[in-house]
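# Coordinate analysis (summary)
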Amino acid sequence: MRSVRPIPRAALPDNMTVRVPLADSTFEEPVLICYVRFERTDSVSDDEHRSADAGAGTVFVDAVNSIGAFDVPAGSWVAVGGRSLFVRSVHRCEDLFGRVHHWEIKVG
């Protein structure tokens, strides 16, 4: 049985820098991950004078085609799509053999 194919590089047009939190409430130096995809989420707000999401969305990081890919922890800061965003949660998507296929990183 074959494993699932990686996300094609053509579908990963963005680059992202990641700053992982340290125990002393500071952050590590930025680490670059090339070939990711940032999909912005649009939402509405009850307050017509406020931005609804300020750039929230999902970043897709492929385990094979994203250069520098690693398991980004929640609580990290990322810069992608011209924005600096907080990592709210990370979902590891695994293949049938338990290997990471890609990560879906919720940011906002």
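Just above, that's the structure.
The next subject is the environment of A74. By the element assignment, A74 lies in the loop between strand 3 (57-62) and strand 4 (77-80). Distance from A74 to I105, taken between C-alpha atoms, is 8.4 Å for residues 31 residues apart in sequence. Setting aside its immediate chain neighbours within four residues, A74 contacts V87, R88, S89 and V90.

Here we take up unusual backbone geometry. Even without a glycine there, the phi angle at S25 is positive, about 70°. If you trace the backbone, S25 turns up in the loop between strand 1 (14-19) and strand 2 (31-40). On the accessibility criterion, S25 (66% relative accessible area) is exposed. One non-glycine residue, Y35, lies in positive phi territory at about 65°. Examined against the element boundaries, Y35 turns out to sit in strand 2.

A separate point is the pairing of strand 2. Sheet analysis places strand 1 next to strand 2, joined by 5 bridges and oriented antiparallel. Bridge pairing in strand 2 places M16 opposite I33. Note: strand 2 against strand 3, 5 bridges, orientation antiparallel. The residue bridging V36 from the neighbouring strand is V61, located in strand 3.

Here we take up the sheet that holds strand 2. Here 6 strands make up a closed barrel; going around it, the order is 1-2-3-6-5-4 and the pairing antiparallel. Here the average twist between neighbouring strands, direction ignored, is 45°.

Right, let's talk about the packing of aromatic side chains for a bit. Counting across every chain of the model gives 1 aromatic pair. Ring plane angle 65° and centroid distance 5.4 Å describe the contact between W77 and F86, whose orientation is recorded as edge-to-face. Given the relative accessible area of 35%, W77 is considered partly exposed. The exposure class assigned to F86 is partly exposed, which follows from its relative accessible area of 30%.

Attention shifts here to the side chain of H102. Mapping H102 onto the fold places it in strand 6 (residues 100-107). Looking at H102, its side chain comes within polar contact range of the side chain of H101, at 2.8 Å. Setting aside chain neighbours within four positions, we find H102 in contact with I7, F60, V61, D62, A63, H91, R92 and C93.

About the thresholds
Here the residue numbering is sequential within each chain, running from 1 through the sequence in written order. Note on the predicted model: pLDDT of at least 70 is required for a residue's local features to be given, and 80 or more for side-chain atom pairs to be given and counted; whole-chain, interface and lining totals, by contrast, use all residues. Side-chain measures here rest on the full set of heavy atoms in the structure, leaving out hydrogens and waters. A run of DSSP states H or I qualifies as a helix once it reaches four residues; a run of E qualifies as a strand once it reaches two. Both are numbered from the N-terminal end. By definition, residues are in contact when any of their heavy atoms lie within 4.5 Å. Each residue gets one of three labels from its accessible area relative to the maximum for its type: buried under 20%, exposed over 50%, partly exposed in between, using a 1.4 Å probe on protein chains only. DSSP bridges decide pairing: two strands pair if at least two such bridges lie between them. Note on definitions: angles span 0 to 180 degrees between N-to-C directions of axes, and those axes are lines fitted to C-alpha atoms, for helices only across the stretch in contact. Ring geometry is summarised as follows: Phe, Tyr and Trp rings, the Trp one being its six-membered ring, pair when their centres sit within 6.5 Å, and such pairs are stacked at plane angles under 30 degrees, edge-to-face over 60 and tilted between the two. Polar contact criterion, stated in full: a pair of N or O atoms within 3.5 Å, where within protein one must be able to donate a hydrogen and the other to accept it, and residues adjacent in sequence count only if both atoms are side-chain atoms.

Honestly, it's all geometry; don't read function into it.
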